[in-house]
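Spelled out, the chains give:
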Amino acid sequence: MKNKISDITTSAVSKIILSDGDIYHGLKSNDFGFTKFGEAYFSFIKYNKIKAWKKHTIMTSNLLVPIGSVKFVFYDYKKNIKEFIIGADNYVRLTVPPSIWFGFQGLSNGNNIILNIADVHHSDKEIEKKKINEIDYNWNFLK
């Protein structure tokens, strides 16, 4: 399967602001991007740190950042690159089909938290990885 950058979708996600604590929705079974539930897991990324590059060969990821801000960079087989910055101030869900390389960088001080609601269980057998310099991208390191 050869998915491309244009297959990544951005979906608005509701955020309910309450005086005693907010509610951030993630994914409903009738939302675009939901096919089935495999698992949900959190990934933490510290300020200005980068985790790159990986590609899921089977998994569709639904990525949300409820705390902090994260820059996601995607790279497809046609060597197209696309960036998204999402987080508490731009709360959206990215739906990423299999076979697209990606990495991410923490943009807020402290921990930035990514939630992945995946359609399959996480397995190292369906992930390919590259070193950060194996894909030509300037991360514009923050100072």
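Residues numbered from 1 in each chain as written. Predicted model: local features only at pLDDT ≥ 70, side-chain atom pairs only at ≥ 80, totals over all residues. Heavy atoms only, no water.

A.B. asks: Please explain the overall build of the chain as it appears in this structure.
C.D. replies: Secondary structure summary: the chain contains zero helices and 12 strands in total. The helix and strand sequence of the chain, counted from the amino end, reads β-β-β-β-β-β-β-β-β-β-β-β. Against the 2.2 N^0.38 benchmark of 15 Å for 143 residues, the chain shows a C-alpha radius of gyration of 15 Å, consistent with a compact globule. Based on the C-alpha atoms only, the size of the chain along its principal axes is roughly 45 × 40 × 25 Å. For the chain, the residues scored as buried account for 46% of the 143 residues in total. Looking at the chain as shown, the accessible area adds up to about 8,200 Å², and 52% of this sits on carbon and sulfur atoms. Within the chain, the 14 negative side-chain charges are centred at a point lying 5 Å from the centre of the 20 positive side-chain charges. (Helix = DSSP H or I, 4+ residues; strand = E, 2+ residues; numbered from the N terminus. Rg over C-alpha atoms; globule rule 2.2 N^0.38 Å. Buried < 20%, exposed > 50% of the residue type's maximum accessible area, 1.4 Å probe, protein only. Areas by Shrake-Rupley, 256 points an atom, 1.4 Å probe, with all protein chains shown as cover. Lys, Arg positive; Asp, Glu negative; His and termini not counted. Charge placed at Lys NZ, Arg CZ, Asp CG, Glu CD.)

A.B. asks: Mind showing me how you'd approach the nonpolar core here?
C.D. replies: Generally speaking, soluble globular proteins have nonpolar side chains that are buried together. Core analysis: the biggest nonpolar cluster contains 17 residues, and Leu63, Phe72, Phe74, Leu94 and Ile114 have the highest contact counts within it. With near-sequence residues (within four places) excluded, leucine 94 lies in contact with Thr9, Thr10, Ser61, Asn62, Leu63, Phe72, Phe74, Phe84 and Ile86. (Core = buried A, V, L, I, M, F, W, Y, C linked by side-chain atoms within 4.5 Å. Contact = heavy atoms within 4.5 Å.)

A.B. asks: What exactly am I supposed to notice about empty space enclosed by the protein here?
C.D. replies: The method is simple in principle: a probe with the dimensions of a water molecule rolls over the atoms, and the space it marks as empty is what remains. All chains considered together, the criterion is met by two cavities of 30 Å³ or more. What lines the largest cavity is Leu27, Gly33, Phe34, Thr35, Lys36, Thr60, Asn62, Ile117, Ala118 and Asp119. Grouping the constituent residues of the lining of the largest cavity by class yields four nonpolar, four polar and two charged. Looking at the second largest cavity, its volume works out to about 40 Å³. As for the second largest cavity, its lining consists of His56, Met59, Ser61, Val96, Pro97, Pro98, Ser99, Ile100 and Phe102. (1 Å grid on protein atoms, 1.4 Å probe; cavity = no way out; pocket = protein on both sides within 12 Å on 5 of 7 lines; lining within 4 Å. Points joined across faces, edges and corners; volume = space filled by probe spheres on them. Nonpolar A, V, L, I, M, F, W, Y, C, P; charged D, E, K, R; others polar.)

A.B. asks: Explain the sheet that holds strand S8 (residues 81-87) to me, please; I cannot follow it from the model alone.
C.D. replies: Consider a sheet: its strands pair through backbone hydrogen bonds, and that pairing is either parallel or antiparallel. One open sheet accounts for five strands, arranged S8-S7-S10-S5-S12; its pairing is antiparallel. The open sheet has two free edges, formed respectively by S8 and strand S12 (127-129), since each of these has just one partner strand. The sheet shows a mean angle of 25 degrees between the axes of neighbouring strands, taken without regard to direction. Where strand S5 (residues 50-56) lies against S12, three bridges are found, and the strand directions are antiparallel. Residue pairing in the sheet places histidine 56 in a bridge with isoleucine 127 of S12. (Pairing = 2+ DSSP bridges. Axes fitted to C-alpha atoms, helices over the stretch in contact; angles between N-to-C directions.)

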